[in-house]
Amino acid sequence: MADRDGIFAGDDPFAIARHWLAEAEKSELNDPNAIALATVDADGLPNARMVLLKEIEDDAFVFYTNYGSVKAQEITQGGKAAFVMHWKSLRRQIRVRGTVTREEGEKADAYYASRSLKSRLGAWASDQSQPLASRTALMAEVAKVTAAKGPNPPRPPFWGGFRLRPVELEFWADGAFRLHDRFRWTRESETSDWTVTRLNP
């Protein structure tokens, strides 16, 4: 579109997203890669929570979690999810919707290995989303795992990544008098060409 220039310019939405995230890393106080991830349970009731986006690939967005968590179970059940990234410092946001598949290969192993030792041991110790008797019980499990797994624990089989391949993205930037700029990218499937539409504020 003729008026899609400046921060909205380009023919690759993933490149635009990477550029916006890089800008946010310079100005956002904490966790510029935080996303509000939305899933739906078996009854159709939505869930949302903050997670950290770890990579923007050429065609997907990747994050990691415990596969026993509520979000992982809902993703596995429905195969779809949505998220929004919002940066108060830039007054911008990106909304994403699409299909989700697991990342359980070398990339997941490499990311797990890059985490701090305490975080890696914590992944083993936490039965994420399940009831917990006390903080003391959790720390006792961490100590038990530390003794059992040693200084180089392997990635737990119940922990790994998810790759969201979008069929829709929206780039939003704040405008004067609430006349915001919004561009929605849509495609029929993950292999289709993108259609870009400017939206009313």
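The text that follows walks through the structure, step by step, so that each part is easy to find. Since we're looking at a predicted model, the values are computed, not measured. Position labels on residues start from 1 in each chain and follow its written sequence. This being a predicted model, a pLDDT of at least 70 is required before a residue's local features are given, and a value of 80 or more before pairs of side-chain atoms are given or counted; all residues contribute to the totals for chains, interfaces and linings. Values shown for side chains rest on all heavy atoms present in the structure; no hydrogens or waters enter the calculation.

A look at the pairing of strand S7 (residues 181-186)
One requirement defines pairing of two strands: DSSP has to find at least two bridges between them. In DSSP terms, a helix is any run of H or I states spanning at least four residues, a strand is any run of E spanning at least two, and both are numbered starting from the N terminus. Two elements, strand S6 (residues 159-173) and S7, share 6 bridges in a ladder whose sense is antiparallel. Bridge assignment links Glu 168 to a residue of S7, and that residue is Thr 186. Pairing of S7 with strand S8 (residues 195-199) involves 5 bridges; the strand directions are antiparallel. Bridge pairing in S8 links Trp 185 to Val 196.

Quick look at the nonpolar core
To define a nonpolar core, start from buried Ala, Val, Leu, Ile, Met, Phe, Trp, Tyr and Cys residues and group those joined through side-chain atoms within 4.5 Å. Exposure classes here rest on a 1.4 Å probe applied to the protein chains alone. A residue is buried below 20% of its type maximum, exposed above 50%, and partly exposed in between. Ranked by internal contacts, the top residues of the largest apolar core, which has 31 residues, are Phe 61, Phe 83 and Phe 171. Per element, the largest residue contribution to this core is 6 residues, and it comes from helix H1 (residues 13-27). Whether two residues are in contact is decided by their heavy atoms: any pair within 4.5 Å suffices. Not counting chain neighbours up to four residues away, the residues in contact with Phe 171 comprise Phe 8, Pro 13, Ile 16, Ala 17, Trp 20, Gln 93, Ile 94, Asp 181, Arg 182, Phe 183 and Trp 185. Counting 11 residues, the second largest nonpolar core, distinct from the first, contains Ala 108, Trp 124, Ala 125 and Val 145.

Some words on helix H5 (residues 135-149)
Multiplying 1.5 Å by the helix residue count minus one yields the expected span of that helix. Here H5 contains 15 residues, and its C-alpha end-to-end distance of 21 Å stays within 8% of the 21 Å for a straight helix at 1.5 Å per residue. Immediately downstream of H5, the backbone of Gly 150 shows phi near 75°, a positive value.

Examining the environment of Gly 122
With respect to the element layout, Gly 122 can be found in helix H4 (residues 117-125). The partly exposed category is assigned to Gly 122, whose relative accessible area is 25%. Taking C-alpha positions, Gly 122 is 14 Å from Tyr 64, a pair spaced 58 residues apart along the chain.

With respect to the packing of H4 against H5
Between N-to-C directions, angles cover 0 to 180 degrees, with each direction set by a line fitted to C-alpha atoms, over the stretch in contact for helices. Taken N-terminus to C-terminus, the directions of H4 and H5 make an angle of 110°; their axes are 9 Å apart at the nearest point. Classified by the interaxial angle, the pair formed by H4 and H5 is roughly perpendicular. The interaxial crossing formed by H4 with H5 has right-handed handedness. Between H4, through Leu 121, Trp 124 and Ala 125, and H5, the contact on the second element is made entirely by Leu 138, Glu 141, Val 142, Val 145, Thr 146 and Lys 149. Put simply, Ala, Val, Leu, Ile, Met, Phe, Trp, Tyr, Cys and Pro go in the nonpolar bin, Asp, Glu, Lys and Arg in the charged bin, and everything else, Gly too, in the polar bin. Looking at the contact of H4 with H5 residue by residue, the class counts come to 6 nonpolar, 1 polar and 2 charged. Should an angle lie under 35 degrees it is considered roughly parallel, over 145 roughly antiparallel, and from 65 to 115 roughly perpendicular; all remaining angles are considered oblique. The sense of a crossing depends on the near helix, which, turned anticlockwise from the far helix by less than a right angle, makes the crossing left-handed and, turned clockwise, makes it right-handed.

Here's the deal with the packing of aromatic side chains
Stacked, tilted and edge-to-face are the three classes applied to pairs of Phe, Tyr and Trp rings, where Trp contributes its six-membered ring and a pair requires centres within 6.5 Å; stacked means planes under 30 degrees apart, edge-to-face means over 60, and tilted covers the rest. Counted under the stated rule, the structure contains 15 aromatic pairs. Here Tyr 111 and Trp 159 contribute two aromatic rings whose centre-to-centre distance is 6.1 Å and whose plane-to-plane angle is 10°, an arrangement assigned as stacked. On the criterion of sequence distance, the pair formed by Tyr 111 in helix H3 (residues 106-114) and Trp 159 in strand S6 is long-range, its members being 48 residues apart. In this structure, Tyr 111 and Trp 159 share a single accessibility class: buried. Ring centres of Trp 185 and Trp 194 lie 6.2 Å apart, and the angle between their planes is 80°; this geometry places the pair in the edge-to-face category. Here a set of aromatic residues connected by ring pairs shows up, and it is made of Phe 8, Phe 14, Trp 20, Phe 61, Phe 83, Phe 171, Phe 183, Trp 185 and Trp 194. Ring-over charges, as used throughout, are those where CZ of Arg or NZ of Lys falls within 6 Å of the ring centre and within 35 degrees of the ring normal. We note Arg 92 situated over the ring of Trp 20; from NZ or CZ to the ring centre the distance is 5.0 Å.

Observations regarding the side chain of Arg 49
Considering the arrangement of structural elements, one finds Arg 49 in strand S2 (residues 46-56). Residue classification places Arg 49 among the buried residues on the basis of a relative accessible area of 18%. Any pair of N or O atoms that falls within 3.5 Å is considered a polar contact. Within protein, one atom must be able to donate a hydrogen and the other to accept it, and sequence-neighbouring residues count only if both atoms are side-chain atoms. Engagement of the side chain of Arg 49 in a polar contact is seen with the side chain of Thr 39, the distance being 3.0 Å.

With respect to the environment of Ala 125
With respect to the helices and strands, the residue Ala 125 is situated in helix H4. Separated by 11 residues in sequence, Ala 125 and Thr 136 place their C-alpha atoms 12 Å apart. Ala 125 has contacts with Leu 138, Glu 141, Val 142 and Val 145, leaving out every residue within four places of it along the chain.

Structural notes on unusual backbone geometry
Even without being a glycine, Asp 31 presents a positive backbone phi close to 45°. One can find Asp 31 in the loop between H1 and strand S1 (34-40). For Asp 31, a relative accessible area of 46% gives the class partly exposed. Phi angles above zero are rare outside glycine, and Ser 129 is one such case at about 75°. Within the secondary structure layout, Ser 129 lies in the loop between H4 and H5. What makes Ser 129 partly exposed here is its relative accessible area of 44%.

As far as function goes, none of this settles anything; it's purely spatial.
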